[in-house]
Amino acid sequence: MSKKLKVVTIGGGSSYTPELLEGFIKRYEELPISELWLVDVEAGKEKQDIIFDLCLRMIKRAGVPIALYKTLDRRAALVNADFVTTQLRVGQLKARELDERIPLSYGYLGQETNGAGGLFKGLRTIPVIFDIIKDVEEVCPEAWVINFTNPAGMVTEAVFRHTGFKKFIGVCNIPVGMKMFIREVLKVEPQDSLSIDLFGLNHMVFIKDVWVNGTSRFAELLEGVASGTLKASGVKNIFDLPFSAGLIRSLKLIPCSYLLYYFKQKEMLAIEMGEFYKGGARATVVQQVEKQLFDLYKNPELDVKPKELELRGGAYYSDAACEVISAIHNDRQTEHYVNFPHQGHIDNIPADWAIEMTCTIGRDGATPTPRIKHFDEKVLGLIYTIKSFEVAASEAALSGELNDVLLALNLNPLIHSDNDAERLARDMLLAHEAQLPNFARTIALLK
């Protein structure tokens with residue numbers, strides 16, 4: 001067995017942590033973790049304590065020799081860490097509710113990784129991720145940081161654009177869900193190989209080909225999705241609303257579900273506005289689900305990840321995170337779908353962009369698949385638009401300047417008025433003041 005590993009999970013009080021631990025337990029033979037540290041902040045201590053006790057019970061039931069620790073002292077936890085996972089939410093779910101409700105009050109989509117809501121989640125999160133990276137560089141510089149914190153694409157872009165830290169990979173559960181959907185609807189057996197050509201940005205990815213045992217089955221998949229004849233049973237479909245047959249057939253690509261915010265903007269806004277007028281928002285639902293989860297977690301008899309966790313929205317993220325960690329640790333050279341800087345591999349986008357695409361991962365990190373050398377021209381305009389927004393957002397997170405926030409908002413295709421952008425910026429800066437220390441001077445001028 002290879003050397004013992006130390007993993008530090010920042011945001012350890014997250015309701016997702018049992019999912020991550022289950023992934024580590026399942027893979028103990030390939031990932032012999034001797035220490036798992038759960039790190040959180042004072043505001044998350046109550047949840048951290050509940051999660052810690054549940055994780056102790058899960059480890060005991062599994063009979064694996066993982067020593068579990070909890071702390072609010074991040075630097076102490078990081079000593080001799082091999083891998084650091086980040087799954088934090090600055091301002092917790094109350095901040096997410098503001099990200100959704102304030103844009104909706106102006107008639108705009110409210111969503112935690114898109115539009116104004118996604119921008120402000122990034123503005124709160126990027127400085128915290130930078131603080132974590134600074135600690136990693138000083139305390140455990142050889143450690144890899146595997147980030148699940150949203151907006152993952154914006155965060156990854158900021159890290160590689162504004163720090164010198166290289167051992168950082170962003171992961172997302174959306175491609176995992178798409179792969180599970182494809183495996184089921186094409187009836188791919190466990191012993192068969194399945195490879196997916198996926199490209200784009202985080203929460204803006206497209207599938208351009210699917211290979212089963214080396215043979216492309218994309219035409220069958222594309223027509224099945226377009227016509228609605230291919231349906232998953234055990235896996236939630238990747239679409240909350242179906243994309244039109246005409247869109248799928250004309251693109252000759254399969255978009256991820258987040259692209260509904262761009263291809264079905266009118267319909268998605270109508271759904272969200274309907275919930276908003278009834279006093280609801282997705283964050284309200286998530287808070288109810290999380291309360292139920294933590295009530296379950298408190299049960300001293302519970303010693304497994306409860307099925308109800310899948311309702312939370314991050315199902316199967318452990319498969320993304322744990323498989324990437326295993327691929328690096330064991331130099332597996334296996335296929336994954338991650339956020340990283342392509343460094344010129346894609347020939348029709350700037351070389352310094354961080355993107356999400358099919359990669360081979362081993363000891364040295366992510367290497368983009370040679371099957372994808374350029375992004376499909378049909379969707380390149382949309383990708384450029386959102387990347388320009390991400391770059392502007394990362395600049396704003398560091399500068400703390402109102403004009404930089406306004407630039408990012410006005411570049412986003414979900415914002416349709418420069419006047420509304422100014423109102424949104426003011427309202428959201430004031431609402432999130434406690435979590436935006438970089439903007440202290442700007443907020444003081446707005447008051």
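Residues numbered from 1 in each chain as written. Predicted model: local features only at pLDDT ≥ 70, side-chain atom pairs only at ≥ 80, totals over all residues. Heavy atoms only, no water.

1. Things to note about the UniProt feature "binding site: substrate" (unreviewed entry) in the protein
Okay, step 1: Per the UniProt record, "binding site: substrate" (unreviewed entry) is annotated on Arg 96 and Asn 150. In three dimensions, the annotated residues from a span of 55 residues occupy one location, with a maximal C-alpha spread of 11.2 Å.
Okay, step 2: You can see Arg 96 is positioned in helix H4 (residues 92-105).
Okay, step 3: Side chain to side chain, Arg 96 and Glu 100 meet in a polar contact 2.9 Å long.
Okay, step 4: Inspection of the secondary structure puts Asn 150 in the loop between strand E5 (144-147) and helix H6 (152-162). (UniProt positions renumbered as here; feature names shortened; annotations may be inferred. Helix = DSSP H or I, 4+ residues; strand = E, 2+ residues; numbered from the N terminus. Polar contact = N/O pair within 3.5 Å; in protein donor to acceptor, adjacent residues only side chain to side chain.)

2. Let's talk about unusual backbone geometry
Okay, step 1: The step from Asn 150 to Pro 151 runs through a cis peptide bond, and the omega angle for that step is -5°.
Okay, step 2: Counting through the fold element by element, Pro 151 comes out in the loop between E5 and H6.
Okay, step 3: In this structure, His 203 takes a positive phi of about 60° despite not being glycine.
Okay, step 4: With respect to the secondary-structure elements, His 203 resides in the loop between strand E7 (194-201) and strand E8 (204-212).

3. Quick notes on the side chain of Gln 287
Okay, step 1: Structurally, Gln 287 is set in helix H12 (residues 282-297).
Okay, step 2: By relative accessible area, which is 19% here, Gln 287 ends up buried.
Okay, step 3: Residues in contact with Gln 287, not counting those within four places in the same chain, are Leu 93, Lys 94 and Glu 97. (Buried < 20%, exposed > 50% of the residue type's maximum accessible area, 1.4 Å probe, protein only. Contact = heavy atoms within 4.5 Å.)

4. A closer look at the pairing of E8
Okay, step 1: For E8, a buried count of 7 out of 9 residues is recorded, marking the element as mostly surrounded by other parts of the structure.
Okay, step 2: Bridge analysis of E7 against E8 gives 8 bridges, and the strand direction is antiparallel. Each bridged residue has a counterpart across the sheet, and for Ile 196 the counterpart in E8 is Val 210.
Okay, step 3: Here E7 hands over to E8 after 2 residues, with His 203 in that stretch at a positive phi of 60°.
Okay, step 4: In terms of strand pairing, E8 meets strand E10 (residues 254-255) through 2 bridges, oriented antiparallel. Looking at the pairing, Ile 207 lines up with Ile 254 of E10.
Okay, step 5: Direction of pairing for E8 relative to strand E9 (residues 215-216): antiparallel, over a ladder of 2 bridges. Counted as the bridge partner of Val 212 is Thr 215 from E9.
Okay, step 6: Counted between consecutive antiparallel strands, the loop separating E8 from E9 contains 2 residues, among which Asn 213 sits at a positive phi close to 50°. (Pairing = 2+ DSSP bridges.)

5. Overview of the side chain of Arg 27
Okay, step 1: Along the chain, Arg 27 falls in the loop between helix H1 (17-26) and strand E2 (33-39).
Okay, step 2: Apart from the residues within four sequence positions on either side, Arg 27 is in contact with Ser 318, Asp 319, Cys 322 and Glu 323.

6. Quick look at the UniProt feature "binding site: Mn(2+)" (unreviewed entry) in the protein
Okay, step 1: Mapped onto the present numbering, the UniProt feature "binding site: Mn(2+)" (unreviewed entry) falls on Cys 172 and His 203. Spatially, the listed residues are clustered: although they cover 32 residues, their C-alpha atoms lie within 8.4 Å of one another. Among the residues just listed, His 203 line the largest cavity.
Okay, step 2: Relative to the assigned elements, Cys 172 resides in the loop between strand E6 (168-170) and helix H7 (174-185).
Okay, step 3: Given the relative accessible area of 4%, Cys 172 is considered buried.
Okay, step 4: Setting aside residues no more than four positions away along its own chain, His 203 makes contact with Thr 113, Asn 150, Cys 172, Ile 174, Cys 256, Tyr 258 and Leu 259. (1 Å grid on protein atoms, 1.4 Å probe; cavity = no way out; pocket = protein on both sides within 12 Å on 5 of 7 lines; lining within 4 Å.)

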